[in-house]
Amino acid sequence: SLKHAGAIITSAMGEFTAPSQKDNPQQEIVLLRAGGTIELFRIVETSSSSNNVNDDDDDEDTRTFIKLITRVETRSVLRSMAIVRPSGEKRDLVVIGADGGCVSIIDFEGGKSKLLHCPSFGKTGCRRGTPGQYLAADPKGRAIMISATEKRKLVYVLNRDSTGRPTIASPLEAHRSRTIVIDTVGIDNGYDNPIFASLEYQYPDSDDPGHDRMKMLGVGKTSPEKQLAYYELDLGLNHVSRRWATNTHRTACCLCALHGGSDGPSGVLVGGEDWIEYLHEGLESKEGNNKIICAIPRRNLHPANKGILITQMTVHRLKKSFFALAQSELGDLYKLTIRLDPNDKTKIVGMTINLFDTLPVANSLNVSKLGMIFVSAEFGDHTLYRFDRIDVEDDAPTCTSEESLVAFVNQKKDPVAVVQDISSFFDSTNNAYKIACRFTPTALKNLHRIYTMDSLAPTCGILVGELAGNEVSPQIYTLNGRGPRSSLRILRHGAAITELAVSDLPGVPGAVYTIRDNSKDMQESKRVVDKYIIVSFADATLVLSVGESVEEVGEGSPFVTDAPTLACSALGNGGIVQVHPDGVRLIKDGKASEWKCPGLKRIECASANESQVIIAFAGGDLIYFELDPMSGNFQEKTTKNMGADVSCLDVGEVQTSRSRSMFAALGFRDATVKIVSLEPGKLLVQRSSTALSARSHSISLQYMVTNEESGVSDIILTIGLDDGSSVRTSVDPVTGTIAASSTKRFLGARPVSVSRISLNSSAATLLLSSRPWISRPDPKSGKTVMAPLSYAPLDHGCAFTNDAIKEGIVATAGTTLRILSIEAEISGLGTEDEAFNCNKLDLRYTPRQMCLLAAGGGDGLRKLVLALVECDHNDYGLEDKNAMGFDPSSSGKSKKEMKKKDEDGDGMDIDSDEEDENMKDNKEDDEEENEDDEEQELRSTPIRGPYPTSSGNWGSCVRLVNPSEGCTTLDCLEMNRNEAALCCTSVRFHSRGGEALLAIGTVTGMTMHPLNQTTSHVVLYRVVNGERLQLLHRTQIDDGPVLALAHFQGRLLVGIGQTLRLYEMGKRQLLRKCELRGLPTIVKTLQAAGDRAYVGDMMQSMQFVRYDSTANRLILIANDRTPRPITCQELLDMSTIAVGDKFGNISVLRLPRGADAGAVDNSGTRALWDSSRDDATPKLDTLCNYHVGEVVTGMTRASLVAGGSESLIYVTVTGRIGALVPFSSRDDIDFYTQLEGCLRTAAPRPTGREPQAYRSFYAPVKNIIDGDLCEMYGKLSFEEQKKIAERLDRTMGEVTKKLEDTRNALL
């Protein structure tokens, strides 16, 4: 996997790693990701203030983000999760229900996952009769209930053994036949027997003589009714019984338990369509019913006959009270206030529902003790909000339970209306519409956004290519989101860089250095800030002083400015050393002393740290200097000839509490590197050496913490080579021996420059080639991660720190000096959570497909543009929305976004004497408006448009995007009313001179159930000057929906329902040339190459079709024997194709040899009935099969590294980006096959699912190695890694290097 799935199944808030402290409250979030991943995040709040100790009024800037603590790969289908805190425990445990037939209890103590229990209870797989779909925990941590969709419920009792370790007892059955479970929750009833509430209904017995089909359809009084049932666990008798049940609303779908015992009323909130009701055993209320029910506020433009479903509810407890939040399917968030009897807090007298805000539709709502709420969005990015207030405004839309009961009583008094009983009355959407108040959704009022977690879910398509025009590596373009949260995202591997300052230089520099402030005040306060920036040119040195601003030091500078600087450093005694070609200058207290080179020698290269200096002359002569702590001057310790010219060297860094570096690294022009000793008495004695494939350009010795537990630092040797590669290896800290295994990686076409930097208070390495890179060890996994930076190529760089920038980089690019900052802590740079840098373009509707067009620009040059088709079902078009008073471009958005249209309008120039004063006033107004815009941006929220009153409504548009200018929209054309654009392609008709045209397949008035449409069209557009779309003509098609288009031999191939048709360009419409009828169901995907067309059927896999030009007909030459619901395909060669299906499988199919020739009947003697027989059609061979676990929605064959080999890149509906890398040698196949076999038994199974069984979910895995499983090798214990390496006849380092090389070849 290149990027883990972004979709969240469910999430929960708690304290999992350590108990929360009063002075430092800690909240963590556990996420169940699609694809079988469990992630633990921590909410981190950091405050940055000025480093000036004399400034009492420091302005603090609080930043909140979510940091990944650990990730657990389960290789299973995760279904449910519950949080339980056993009695006497101060931390929470996580209970997982998956498809492994087990219930798992996981402990995250110390940030590491530990499987406590995993008892099995049933078969594997997601079966309706196997528990795992629903989990509920007793609020006091005494028991958990795991339920199946139908019939089976199991209750586990949690205890503790003599050591205090949580234990789990044998399951107790609470089965009930013919029962469908909708939701379960644990009831808070203090320390009485645990009770679990289940929302369920019991369907009639089919063997009952009185049973008929009408009953099953829910018609008549005998239709099954939903019930809320209480199941009680008797701890004394160790038995579960069905204690109480009552009927609920017919559309009830979710439960939420209220606090009970002495602090609350207990009971359950039941959410359904249009209503929220409160139910509890023994409840007494008005009119003799046992419910407190309340209607929810409705939107103004929502249809009266369309209900609004409550999808999520949560309850949060405060010190003296509690409140509940509920969200509807439209995203509206409601606050539920439970009114208690003043004399008895366990008795509810009423309920009030207020509109709180509008948020993205969530799979989970998690309220934190820190005054935040985390929204796990159903689609799109997940968001962390902070509460501005809990109490809603007085004018907020409000509904009360008393209003609902009054309306019920009044309808009985109406002599005209038909009297309804209480169940029928509250089942009616029209009654809810009459009772509920109205509102218009706006921007956030009670919340504001503080952090956004990127998610690519859902991803509908992918395109890989270097379309920006000025970058080295290609970008990944994906179609993401749904409705108002849709976007086109541009992913670049690596982290984003913030450009803080750019300044021009008088020439092209040769190096850049920084010198920290080592004054006594700084050393006493242990502050690290840089005092000077040294820029070296070919014949001069520029010295810049760093303070509140960066300024050039004048002529009185003690530095040598008429010669280049080869090395410089701040010394431990407060001085500065500068090395230039003619000597070594020591600067202390503003005075300079200098050591001159003997004779006519000139220094070729040098390196310096706090107390040591090494210089190298031509011919390999070295001189080593060391700072005398008594006199404060440098002493020449030794001289040695190394026998070869030195190309680069590094004296290393001095560790804390040490006075010198013990080793130095030397790179020579004969492509060797040597480690020499700097230990007194053994100065410049060679300790080890290694040969390289190219000459070293730069070198670095650096102490890095590679193991977080031990805290031991290893010496990492990083070498930049002239051929654009880097070599990383380790050096023994005692003997100085270079490790035998090293990792080499190609970085770019330019020689690699290496320098030491710091990220997140830990060591890292900056490598500069055609693209900047960061190398940093992950302390948790122990492996080193290299990530490129999404920035222009840099020539030289080094670490930079001052009061405003804690960890920055100062670099040169051409004739400019740049100060940069990397948000490594938030982006996850250098960790296993390393992400792609993402930019996005907001879209109007859900994107369906995109294609690349080579259009002619206005200047006659060829211009690449992206064409996107977007459409949404059950939505109005832009014109209809505006006519209804709903503006999708401004609803819920900031003023800054709304002003973009006005800024592009024509304005009148003003010429007056007061123009200057007006400009000043405008500047002040702009500053205030910018602050307001930032506040409004944090309160913007996506709002869904009005819901249509009838089916078959669509909103759709065609968008033209320029990828070379930050993906700006060139043109956007709205389609006709209820017309949906579903597919597009670039086509070049020979009859039109090969001009690239855009073909769009549209459907008008399409309904899903049943699948039907009014008409279909193929619309042709011409791209004028590479900037706008011009309609050529529309061709009406009545044979079915158009879902696939492809360019084919200068014509257009169209998939129309069960027909494949070839069109030629006409003057007024497309001209039909030939067709192939009788395809299995509906043509979903289509590709063409040569004289073949590759047709993906919606239900019956692939069909290979050949075009016979002599007979002008399309011939079916082969199909697949396995029915696969195809979602995407990618052609690998003329006879091989990779496909993805709706069940989450990737398969590679190949046409058998000779099948193409056998399918064509040249003699004409073949009978028609023989050609129509299915068994006479050749069948495709299945070469590979692999279960991804998520619906694969797009794939492409591309290389993510410039000049690298191609891989099959795929995306899934949950936002995962993965790759299938072809093996080039038999040795690689044997190695990974054996490694995978070892890890199938050695890798942990958190949910009890066997890895091979999971990858063979629908069909046996074939000829594909599970790369994610192989990467688990680095997370095993040392003993297990060693044992597996011995079985493979390799060392641990060789196995790790092999895994890194495979991933590095891909990224």
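Residues numbered from 1 in each chain as written. Predicted model: local features only at pLDDT ≥ 70, side-chain atom pairs only at ≥ 80, totals over all residues. Heavy atoms only, no water.

A.B. asks: I would appreciate a short explanation of the overall build of the chain in the present structure.
C.D. replies: Tallying secondary structure elements over the chain gives 16 helices and 87 strands in all. With the model as given, the accessible surface of the chain reaches about 56800 Å², and the carbon-plus-sulfur share is 46%. (Helix = DSSP H or I, 4+ residues; strand = E, 2+ residues; numbered from the N terminus. Areas by Shrake-Rupley, 256 points an atom, 1.4 Å probe, with all protein chains shown as cover.)

A.B. asks: Looking at this structure, I do not really get helix H16 (residues 1292-1306). What am I missing?
C.D. replies: Note: α-helices contain 3.6 residues per turn, so residues at a spacing of three or four share the same orientation. The end-to-end C-alpha distance of H16 is 22 Å, a good match for the 21 Å that 15 residues give at a rise of 1.5 Å each. Of the residues making up H16, those classed as buried are Val 1295, Leu 1299, Glu 1300, Asn 1304 and Leu 1306. End-on, the buried residues of H16 take up no more than an arc of 165°, which puts them together on one face. (Expected span 1.5 Å × (residues − 1). Buried < 20%, exposed > 50% of the residue type's maximum accessible area, 1.4 Å probe, protein only. Arc of directions from axis to C-beta.)

A.B. asks: Would you take a moment to explain the confidence of the model for the chain for this structure?
C.D. replies: Detailed reading of the predicted coordinates is not advisable wherever pLDDT falls low. Predicted confidence across the chain gives a mean pLDDT of 88, with 90% of residues reaching 70 or more. pLDDT under 50 marks residues 49-59. Its contacts with residues more than four places away, or in other chains, come to 10 contacts. In the model, residues 894-915 has pLDDT below 50 throughout and makes 13 contacts with residues more than four positions away in sequence or in other chains. (pLDDT = per-residue confidence, 0-100. Contact = heavy atoms within 4.5 Å.)

A.B. asks: Quick question: what am I supposed to make of the packing of aromatic side chains here?
C.D. replies: Both the distance between ring centres and the angle between the ring planes are used here to describe each pair of aromatic rings. The full count for this structure, using the stated rule, is 16 aromatic pairs. With a centroid separation of 5.8 Å and an interplanar angle of 85°, the aromatic rings of Phe 1048 and Tyr 1107 are classed as edge-to-face. With Phe 1048 in strand S73 (residues 1042-1048) and Tyr 1107 in strand S79 (residues 1102-1108), this pair connects stretches of sequence that are 59 residues apart. An identical accessibility class is assigned to Phe 1048 and Tyr 1107; each is buried. Judged by centre distance (5.1 Å) and plane angle (45°), the rings of Phe 1257 and Tyr 1258 are tilted. Residue class for Phe 1257 comes out partly exposed when judged on its relative accessible area of 24%. For Tyr 1258, a relative accessible area of 48% corresponds to the partly exposed category. Each residue in the set Trp 275, Phe 408, Phe 425 and Phe 426 is aromatic and connected to the rest through ring pairs, giving one cluster. (Phe/Tyr/Trp six-rings, centres within 6.5 Å; stacked < 30°, edge-to-face > 60°.)

A.B. asks: I would appreciate a short explanation of the pattern of salt bridges in the present structure.
C.D. replies: A side chain with one charge may pair with a side chain of the opposite charge, provided their charged atoms come close. Scanning the entire structure with this criterion turns up 66 salt bridges. Among the salt bridges present, the one from Asp 875 reaches Lys 881, with a minimum N-O distance of 3.2 Å. Judged by relative accessible area, Asp 875 falls into the buried class, the value being 7%. The partner of Arg 977 in a salt bridge is Asp 880, with the nearest N and O atoms 2.7 Å apart. With a gap of 97 residues between them, Arg 977 in the loop between strand S68 (968-974) and strand S69 (979-988) and Asp 880 in helix H7 (residues 878-884) connect regions that are remote in the sequence. On the basis of relative accessible area, Arg 977 is assigned to the exposed category, the value being 60%. (Salt bridge = Lys/Arg side-chain N within 4 Å of Asp/Glu carboxyl O.)

A.B. asks: How should I be thinking about the nonpolar core in this particular structure?
C.D. replies: Side chains that are nonpolar tend, in soluble globular proteins, to be buried together. Formed by 37 residues in total, the largest nonpolar core has its most connected members in Leu 269, Ile 276 and Leu 336. Contact partners of Leu 269, with chain neighbours within four places excluded, come to Cys 254, Leu 255, Cys 256, Leu 258, Glu 277, Tyr 278, Met 313, Ala 324, Leu 336, Ile 338 and Met 351. Listed in part, the 18 residues of the second largest apolar core include Leu 566, Leu 571, Ile 603 and Ile 623. (Core = buried A, V, L, I, M, F, W, Y, C linked by side-chain atoms within 4.5 Å.)

A.B. asks: Mind showing me how you'd approach the sheet that holds strand S34 (residues 475-480) here?
C.D. replies: Neighbouring strands of a sheet are bound in pairs by backbone hydrogen bonds; such pairs are parallel or else antiparallel. Reading across the sheet, the 4 strands line up as S33-S34-S35-S64 and stay open at both edges, with antiparallel pairing between neighbours. Strands with a single pairing partner mark the edges of an open sheet, and in this sheet they are strand S33 (459-465) and strand S64 (836-842). In this sheet, neighbouring strand axes are inclined to one another by 20° on average, regardless of whether the strands run parallel or antiparallel. One ladder, built from 7 bridges, connects strand S35 (residues 487-493) with S64; its direction is antiparallel. Opposite Arg 489, over in S64, you have Lys 840 as the bridge partner. (Pairing = 2+ DSSP bridges. Axes fitted to C-alpha atoms, helices over the stretch in contact; angles between N-to-C directions.)

A.B. asks: So what exactly am I meant to see when it comes to helix H15 (residues 1278-1287) here?
C.D. replies: Within H15, burial applies to Gln 1281, Ile 1284 and Ala 1285. Looking down the long axis of H15, one finds its buried residues gathered within 100° of arc, a one-sided arrangement. Among the exposed residues of H15, those pointing more than 90 degrees away from its buried face are Glu 1279, Lys 1283, Glu 1286 and Arg 1287. Looking at the buried residues of H15, the elements they touch are helix H12 (1226-1242) and H16.

A.B. asks: Could you clarify how one ought to interpret unusual backbone geometry in this entry?
C.D. replies: Apart from glycine, the bulk of residues carry a negative phi angle, and the bulk of peptide bonds sit in the trans form. The omega torsion of the bond from Ala 457 to Pro 458 falls at -10°, within 30 degrees of zero and hence cis. As for its position among the elements, Pro 458 is in the loop between strand S32 (447-453) and S33. Looking along the chain, the bond that leaves His 1009 and enters Pro 1010 is cis, with omega of 0°. Positionally, Pro 1010 belongs in the loop between strand S70 (996-1004) and strand S71 (1015-1024). Even without being glycine, Ser 266 reaches a positive phi, approximately 60°. As for its placement among the helices and strands, Ser 266 is situated in the loop between strand S18 (254-257) and strand S19 (268-271). Owing to a relative accessible area of 5%, Ser 266 belongs among the buried residues under this scheme. Its identity is not glycine, yet Asn 978 carries a phi of approximately 60°, on the positive side. By secondary structure assignment, the location of Asn 978 is in the loop between S68 and S69. Given a relative accessible area of 21%, Asn 978 falls into the partly exposed group.

A.B. asks: Can you walk me through the sheet that holds strand S77 (residues 1083-1089) in this structure?
C.D. replies: Across the sheet, which stays open at both edges, the 4 strands sit in the order S77-S78-S79-S80 with antiparallel pairing between neighbours. Unpaired on one side and paired on the other, S77 and strand S80 (1113-1119) mark the two borders of the sheet. The sheet shows a mean angle of 25° between the axes of neighbouring strands, direction not considered.

A.B. asks: When you look at the packing of H12 against H16 in this model, what are you seeing that I'm missing?
C.D. replies: A pair of packed helices can be characterised by two numbers: the angle between their axes and the separation between those axes. Interhelical geometry of H12 versus H16 gives an angle of 115° and a closest axis separation of 12 Å. Relative to H16, the element H12 is oriented roughly perpendicular. As H12 runs across H16, the sense of the crossing is left-handed. Within the contact between the two elements, H12 uses Asp 1228, Phe 1231, Tyr 1232 and Leu 1235 and H16 uses Val 1295, Lys 1298, Leu 1299 and Thr 1302. Its residues assigned to classes, the contact of H12 with H16 comprises 5 nonpolar, 1 polar and 2 charged. (Parallel < 35°, antiparallel > 145°, perpendicular 65-115°, else oblique. Left-handed = near helix turned anticlockwise from the far one by under 90°. Nonpolar A, V, L, I, M, F, W, Y, C, P; charged D, E, K, R; others polar.)

A.B. asks: What should I look at first to understand the pairing of S33 in this one?
C.D. replies: Side-chain direction in a regular strand flips from residue to residue, so the side chains alternate between the two faces of the sheet. Among the 7 residues in S33, 6 count as buried, and that is most of the element. Note that S33 and S34 share 6 bridges and pair antiparallel. By the bridge assignment, Thr 459 is partnered in S34 with Asn 480.

A.B. asks: Explanation requested: the side chain of Glu 200 in the structure shown.
C.D. replies: Checked against the element boundaries, Glu 200 lands in strand S15 (residues 195-202). Overall, the relative accessible area of 1% leaves Glu 200 in the buried class. There is a polar contact of 2.8 Å between the side chain of Glu 200 and the side chain of Ser 198. Within polar-contact distance, the side chain of Glu 200 engages the side chain of Tyr 231 at 3.0 Å. The contacts of Glu 200, once residues within four sequence positions are left out, are Lys 153, Arg 176, Thr 179, Ile 180, Val 181, Ile 182, Glu 225, Lys 226, Gln 227, Ala 229, Tyr 231 and Arg 242. (Polar contact = N/O pair within 3.5 Å; in protein donor to acceptor, adjacent residues only side chain to side chain.)

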